[in-house]
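# What the coordinates show
Residue strings, one per chain:
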Amino acid sequence: MNGGAVLARHALLPDGWARDVAIAWNGDGVITAVGATAADAGAAAAAAVGLVIPGMVNLHSHAFQRAMAGQAETAGEGEDSFWTWRELMYRFAGRITPAQLEAVAAQLFVDCLRHGYTSVCEFHYLHRAADGAAYARPAEMAERVAQAARETGIGLTMLPVLYSHGGFGAQPLGPRQRRFQSDVGAVLGMVEALDRLRDGQFEVGAAPHSLRAASMAQIGELAAALPPGRPIHIHIAEQQLEVDACLAHSGQRPLAWLLERQGLDARWCLVHATHLDEAELAALAASGAVAGLCPSTEANLGDGLFALAPYLAAGGRFGIGSDSHVGHSPVEELRWLEYGQRLRQQRRNIAVSPVQRHVGDLLWQAALAGGAQASGRPVGALAVGRRADFLVLDDEHPNLAGAPADEVLGRLLFAGNDNLVRDVLVGGRRVIQDGRHAGQAAIAARYRAALAQLRERSP
Ligand code: NGQ
Ligand code: ZN
């Protein structure tokens, strides 16, 4: 691939908005210059564009759940909860085949790209066949997701999941969890197999599923054996029941226990981290780890609200994820993140700092930094050495009419539901043009066929 360049009327750089910015990248999709003119940027010809912002990282995804989004919204016999949803999800997870997973992931990635995500971290635990038997290629399912990412052009961090137990104290897996079964050796085997695919678009880390599904000893073993610098993600303290079970088992709250036993640093992404006490919140903020917030899923599943304001005040890092994919847009995640806080505190404009008074700018920039860190990939900023992952917004849309640069993100995040993402470049490759992906019709056809098959096989 050849390199390229654009000349942006306004571009969001790490230290804020700048006018007339040329951005050039090389054939590997890495930014080589950010300058005032195309010549500065070392580019002879640069396409002129309007508003450019870095593409967002989606730091938490279970791709297969895309195919059940919106299908668990009917009340059951008793009271519905996260745990009753989980039973439905398990039933669904038990049916999907490798080919169907690839079709579903491709649809998901097109949805994500169209709405402004340029990379995703896949928290992948569908390791085995439905009956619990290993596939001939143990990383088969992960490779299917990687193939969907390659086909659609989205960047990917694959996180093979350690999943050994059905609850605290090494409880046995339930029958519906057999598909997820893995031990430390199996995860490291998948990491090794997937490492052969590593390139500018693809990275590999690992993820103990939760303190429920992996023992503390296993988590330590995995963290120590992973190649240095690779991201480690874990679900933590999403539901009050998990906090209670952790207290009963260990005498400590989940985050406090993990912190004491493993330490936490910039390699770690703590997904959800909803139910933290004040000391845990401060410790997480001080650790350099990223909180992986998934507001649309957390709302859908009735989790609770992360305490964003004190966390930001303490210098905490966060990124966003679409998790169960009830939403496909960073706009929805960031809007919910801010609105949840406003509803709770009965105040406005929560996500600000002494030096950043624009809520949209703070949210987008902070989620970029946290997401990039959690992805273990050089993304998240229009800066030399980072991937050329960026969005060209539709500056002709009425919502952006006459917007000064520092109002753009406020309008993007808080006005209406039209998708204002016009073009998307990932690693310098234009994958969305005028809102469309070149493969989207074929990918949607495959998705519909996969969904029809999955429905036929419903119990
Ligand atoms: C998951 N999802 O692994 O897909 C989980 C549910 C669990 C979310 N936590 C299962 N949103 O936590 O045991
Ligand atoms: Zn999750």
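Please read these numbers as outputs of a predicted model, since none were measured by experiment.

A count of helices and strands for the chain gives 14 helices and 17 strands. Taken against the 2.2 N^0.38 rule, which gives 23 Å for 459 residues, the C-alpha radius of gyration of the chain at 21 Å falls within 12% of a compact globule. The principal-axis extent of the C-alpha atoms belonging to the chain is close to 60 × 45 × 45 Å. Per-residue burial over the chain gives 57% buried out of 459 residues. When the accessible surface of the chain is totalled, it reaches about 17500 Å², and 51% of it is carbon and sulfur.

For the coordinates displayed, the defined rule picks out 19 salt bridges. Arg 9 serves as the salt-bridge partner of Asp 395, at 2.7 Å between the closest nitrogen and oxygen. With Asp 395 in the loop between β14 (390–393) and α13 (405–414) and Arg 9 in strand β1 (residues 4–13), this residue pair connects regions lying 386 residues apart in the sequence. Taking the relative accessible area as the measure of exposure, Asp 395 reaches 24% and is therefore partly exposed. Its salt-bridge partner being Asp 423, residue Arg 422 comes within 3.9 Å of it at the nearest N-O pair. Given the relative accessible area of 22%, Arg 422 is considered partly exposed.

We now examine the packing of aromatic side chains. Throughout the structure, instances matching the rule amount to 10 aromatic pairs. Between Tyr 339 and Phe 414 the ring centres are 5.6 Å apart and the planes differ by 40°, which places this aromatic pair in the tilted class. On the criterion of sequence distance, the pair formed by Tyr 339 in helix α11 (residues 330–345) and Phe 414 in helix α13 is long-range, its members being 75 residues apart. Note on Tyr 339: relative accessible area 32%, which makes it partly exposed. With a relative accessible area of 22%, Phe 414 lands in the partly exposed category.

Right, let's talk about the site of ligand 1 for a bit. Close to ligand 1 lie 15 residues; Arg 86, Tyr 125, His 209, Arg 212 and Glu 238 are nearest. Within the side chain of Arg 86, a nitrogen or oxygen atom sits 2.7 Å from an oxygen atom of ligand 1. Within the side chain of Asp 323, a nitrogen or oxygen atom sits 3.0 Å from a nitrogen atom of ligand 1. In the complex, 99% of the free accessible area of ligand 1, which totals 330 Å², lies under the protein chains. A majority-of-atoms criterion places ligand 1 in the largest cavity. Ranked by residue count, the leading element in the shell around ligand 1 is helix α1 (residues 82–93), at four residues. Of the residues in the shell around ligand 1, the class split is five nonpolar, six polar and four charged.

Cut-off values and rules
Residues numbered from 1 in each chain as written. Chains lettered and ligands numbered in written order. Predicted model: local features only at pLDDT ≥ 70, side-chain atom pairs only at ≥ 80, totals over all residues. Heavy atoms only, no water. Helix = DSSP H or I, 4+ residues; strand = E, 2+ residues; numbered from the N terminus. Rg over C-alpha atoms; globule rule 2.2 N^0.38 Å. Buried < 20%, exposed > 50% of the residue type's maximum accessible area, 1.4 Å probe, protein only. Areas by Shrake-Rupley, 256 points an atom, 1.4 Å probe, with all protein chains shown as cover. Salt bridge = Lys/Arg side-chain N within 4 Å of Asp/Glu carboxyl O. Phe/Tyr/Trp six-rings, centres within 6.5 Å; stacked < 30°, edge-to-face > 60°. Near = heavy atom within 4 Å. Polar contact = N/O pair within 3.5 Å; in protein donor to acceptor, adjacent residues only side chain to side chain. 1 Å grid on protein atoms, 1.4 Å probe; cavity = no way out; pocket = protein on both sides within 12 Å on 5 of 7 lines; lining within 4 Å. Sits in = over half its atoms within 2 Å of the grid points. Nonpolar A, V, L, I, M, F, W, Y, C, P; charged D, E, K, R; others polar.

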